[in-house]
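Reading the structure
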Amino acid sequence: MILQHIADGLLSGAIVALGAIGLSFTMKILRFANFSHSELLTWGAYFAVIFFAVAAVIGGGYGTPIAPFSFGWPLLAALLVTAALTSLLAIALHHLVFARLNRMAGHMTMVFASFGVALLLRHLLVLIFGPAPLYYSSALQFAMLLPGGVRVMPDQVFLLGLTVVVVIALHLFLTRSRTGISMRAVAENPDLARVSGVDVGRIVMWVWIIGASCAAVAGVMYGLTVQLRPELGFSLLLPLFAAAILGGAGSLYGAVIGGLAVGLSENLSVMIIPTTYKPAVPFLMILLVLYFRPEGLFGERR
Amino acid sequence: MIGLVAYLVFFLIVALIFAVAVLGLNLQWGFTGLFNAGVAGFLAIGAYTMAILTGPSREAVLGGYELPFAVGLLGAMLASGFAALVIGLITLRLRDEFLAVATFGIAVTIQLVCVNWEYVTGGTLGLISIPNPSRALADGPFAQNLIYLALVAVLAGLVFVGLERIVGAPWGRVLKAVREDETAAASLGKNPVRVRLEAFVLGCMLMGLSGALYVGFIGYVSPFDFLPIVTFQIWTMLIVGGSANNRGAILGALIVWAVWTGSGFVISKLVPPSVQAQSGAMQAVLIGLILVVTLLFRPRGLIGEKIAVSRHARD
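Residues numbered from 1 in each chain as written. Chains lettered and ligands numbered in written order. Predicted model: local features only at pLDDT ≥ 70, side-chain atom pairs only at ≥ 80, totals over all residues. Heavy atoms only, no water.

On a plain count of helices and strands, chain B comes out with 12 helices and 0 strands. Here chain B has a C-alpha radius of gyration of 20 Å; the compact-globule value for 315 residues is 20 Å, and the two agree. Along the first, second and third principal axes, the C-alpha atoms of chain B reach 60 × 45 × 35 Å. A buried classification covers 56% of the 315 residues belonging to chain B. (Helix = DSSP H or I, 4+ residues; strand = E, 2+ residues; numbered from the N terminus. Rg over C-alpha atoms; globule rule 2.2 N^0.38 Å. Buried < 20%, exposed > 50% of the residue type's maximum accessible area, 1.4 Å probe, protein only.)

The interface is formed by 44 residues belonging to chain A together with 44 residues belonging to chain B. When chain A packs against chain B, the two sides together hide about 4,000 Å² of surface, and 84% of this comes from carbon and sulfur. Put simply, chain A and chain B have 0 salt bridges between them. Taken together, the links from chain A to chain B amount to 1 residue pair in polar contact (both at pLDDT 80 or more). Those elements giving two or more residues to the side of chain A that touches chain B turn out to be α3 (73–104), α4 (107–129), α9 (232–247) and α11 (281–292) of chain A. Per-class residue counts for the side of chain A that touches chain B are 34 nonpolar, 6 polar and 4 charged. (Contact = heavy atoms within 4.5 Å. Buried area = accessible area lost by both parts, 1.4 Å probe. Salt bridge = Lys/Arg side-chain N within 4 Å of Asp/Glu carboxyl O. Polar contact = N/O pair within 3.5 Å; in protein donor to acceptor, adjacent residues only side chain to side chain. Nonpolar A, V, L, I, M, F, W, Y, C, P; charged D, E, K, R; others polar.)

Another point: the confidence of the model for chain B. Predicted confidence across chain B gives a mean pLDDT of 84, with 96% of residues reaching 70 or more. Confidence, expressed as mean pLDDT per element, reaches its minimum in chain B at helix α5 (residues 118–121) of chain B with 75 and its maximum at helix α9 (residues 192–218) of chain B with 91. (pLDDT = per-residue confidence, 0-100.)

What follows concerns helix α1 (residues 2–30) of chain A. All names here are of chain A. Compared with the 42 Å implied by 1.5 Å per residue over 29 residues, the 40 Å span of α1 between its first and last C-alpha is a close match. The sharpest bend along α1 measures roughly 30° and falls at Ala20. Across the 29 residues that make up α1, a large majority, 22, are buried. (Expected span 1.5 Å × (residues − 1). Bend = angle between axes of the 7 residues up to and from the residue.)

Let us look at a nonpolar patch on the surface. Where nonpolar side chains cluster on the molecular surface, the patch consists of A:Ile2, A:Leu3, A:Ile6, A:Leu10, A:Leu160, A:Met271, A:Ile272 and A:Ile273 and spans about 680 Å² of accessible area. Element by element, the count of residues in the nonpolar patch is highest for α1(A), at 4 residues. (Patch = residues over 30% accessible without salt bridge, like charges linked within 9 Å, V, L, I, M, F, W, Y side chains within 5 Å. Areas by Shrake-Rupley, 256 points an atom, 1.4 Å probe, with all protein chains shown as cover.)

Residue and element names in this part refer to chain B. The final tally for this structure, using the stated rule, is 7 salt bridges over all chains. As a salt-bridge pair, Glu180 and Arg179 come within 3.0 Å of each other at their nearest N and O atoms. According to the relative accessible area criterion, Arg179 is partly exposed, its value standing at 23%. As a salt-bridge pair, Glu182 and Arg196 come within 2.4 Å of each other at their nearest N and O atoms. Placement of Glu182 in helix α8 (residues 182–187) and of Arg196 in helix α9 is noted, with a sequence separation of 14 residues between them. The exposure class assigned to Glu182 is partly exposed, which follows from its relative accessible area of 35%. Taking relative accessible area as the criterion, Arg196 reaches 7% and is therefore assigned buried.

A word on the domain arrangement of chain B. Residues and elements named next belong to chain B. Partitioning chain B into domains gives domain 1 (20–226) and domain 2 (227–310). When each unit is reduced to the centre of its C-alpha atoms, the spacing between domain 1 and domain 2 is 20 Å. Counting from both sides, the interface comprises 25 residues of domain 1 and, opposite them, 18 residues of domain 2. On the domain 1 side of the interface with domain 2, the three residues burying the most area are Val22, Asn26 and Phe160, jointly 28% of the side's total. At the junction of domain 1 with domain 2, the criterion picks out 1 salt bridge. Glu164 is paired through a salt bridge with Arg247; the nearest N and O atoms lie 3.7 Å apart. Among the elements of the structure, α1 (2–31), α2 (39–54), α6 (141–168) and α7 (170–180) are those that each provide at least two residues to the side of domain 1 that touches domain 2. With 8 residues, α1 is the single largest residue contributor to the side of domain 1 that touches domain 2. Across the side of domain 1 that touches domain 2, the residue classes break down as 16 nonpolar, 5 polar and 4 charged. (Domains from an automatic or database assignment.)

You can see A:Ala280 is positioned in the loop between α10 (252–269) and α11. Here the alpha-carbon distance between A:Ala280 and A:Pro239, two residues 41 residues apart in the chain, equals 9.4 Å. Apart from the residues lying within four places of it in its own chain, the contact partners of A:Ala280 are B:Thr109 and B:Leu112.

With 26 residues, helix α8 (residues 200–225) of chain A extends 37 Å from end C-alpha to end C-alpha; this agrees with the ideal 38 Å at 1.5 Å per step. In terms of burial, α8(A) is a largely internal element, 21 of the 26 residues being buried.

Moving on: the side chain of A:Glu266. All names here are of chain A. For Glu266, the position within the fold is in helix α10. Despite its burial, Glu266 pairs with no opposite charge, the nearest such side chain being Lys278 at 5.8 Å. When residues no more than four places from it in sequence are discounted, the contact partners of Glu266 are Pro239, Lys278, Pro279, Val281 and Pro282. (Lys, Arg positive; Asp, Glu negative; His and termini not counted.)

Below, the structure is given as structure tokens:
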């Protein structure tokens, strides 16, 4: 039983980890807690609905499933397209709202505006797609039995593998590429980075692109392994914040470990508390981290 | 005609109850710069405390103490204040955003407790037949509502006058000093963490009062009255009216509540009942738009903060 909880925890933790990467970067580099970040996950997941609908018209649709997964090659194309569309949405929001407020008002006004943006984005989806849950595919998938009596879906294994690939790619980007190194410089000290010739505006764009792309992937994977609802992202908002705060703002590995820790604690908690209180676990984690180690596990003390 | 007046009385009662919460938020955000993203949670604490203290006794549910209305209001304020104290002690010495995240978290958690802890909250059914003091004083809903309106108006007036006094007093100037420049305030011997905590707890107590007045008026409490959308509504009221101005807080409550109920009425006439869920979403989108547009194009709100100049610096 405990093995099953650990497996479930790692799988839901992988989604939280992907979502928390972008939130952690915005907290560190753009210096505000973006309450609308979770809506990027939802929009990513629904962009994929549109992608599959368009693909169905052109021909191909959901594609022939590659055994043992429930999806075919079109899903990989959908991941790329939704990542691009979600990045465009994030950049549009940046120019329309956040960049303007950053110039005019304090950063707490940005936090607050992100609250309003989140409300707008979520209810626009209810308006367009309706409140009922959706699924990418109606095909049934059978669980695999792993040693120890643990049952997982093949799609969930794919999700875990994809998370590892994304994190390795981001690690290489941040440590090897010029843009990645500039990004870390801006996170450390924006003024020093600017006088050293770093184009801070371009770096901010990259933060949005990386954050939105990871969010879109997390959203699509959630839609694939659970279901699509307009509250998809909203229900993950506290876990995302818990992961980002636990890991320490701006830390890639912090966000990933934070995400896994949140997923594991949520799923293991049902052994000691009623399942209905599971959503409160991230909140308790946030309070504990803020009380004992407010800079997070991998953050620097300020 | 009497129907319209009766509706106006009803509208004013709810709007003024909201105004009390907006005044509390104004103390936190407007004067002290504290971001409370869990207004609905503190309203819920006040509402449930009121229901438990003053409600009739029932089987298998805590409470039913049938205490007087005033005791209920006081208990609601104390309960919300205590919750604020716990959250504040943990987060107020940290970066500003952490208070936002923690208060958002407590609102979600409180809603969860309201839905699930049936022994205390009655679960999804909520708690019903909470006594309304105006029922004993007059016959007929119109006269009763008029009495309740008078009661709410007096309380909102007292809160308004009290807040005007304290923000004009030295304590209020310390609040603004902490909001503008914490380091400078600390260098003058003020304790920013303590001042923030005081403003946060006091503001949340007003939210508890607002929740209690709401329950006293409608006579029941349900966990679905305290969804995050309520937090948005109250924030929008403050931003539209003008933060750091108590008159603006009350004006915002009246205007935004009028827009909310008005748009709900119009949408319900235009939209077929088969897409009722979408019509609620339309109202929410409207509130979100009003909020973001106000922030971008009139950040002061309708009547913003008055510029205060020290009387020693006039010449």
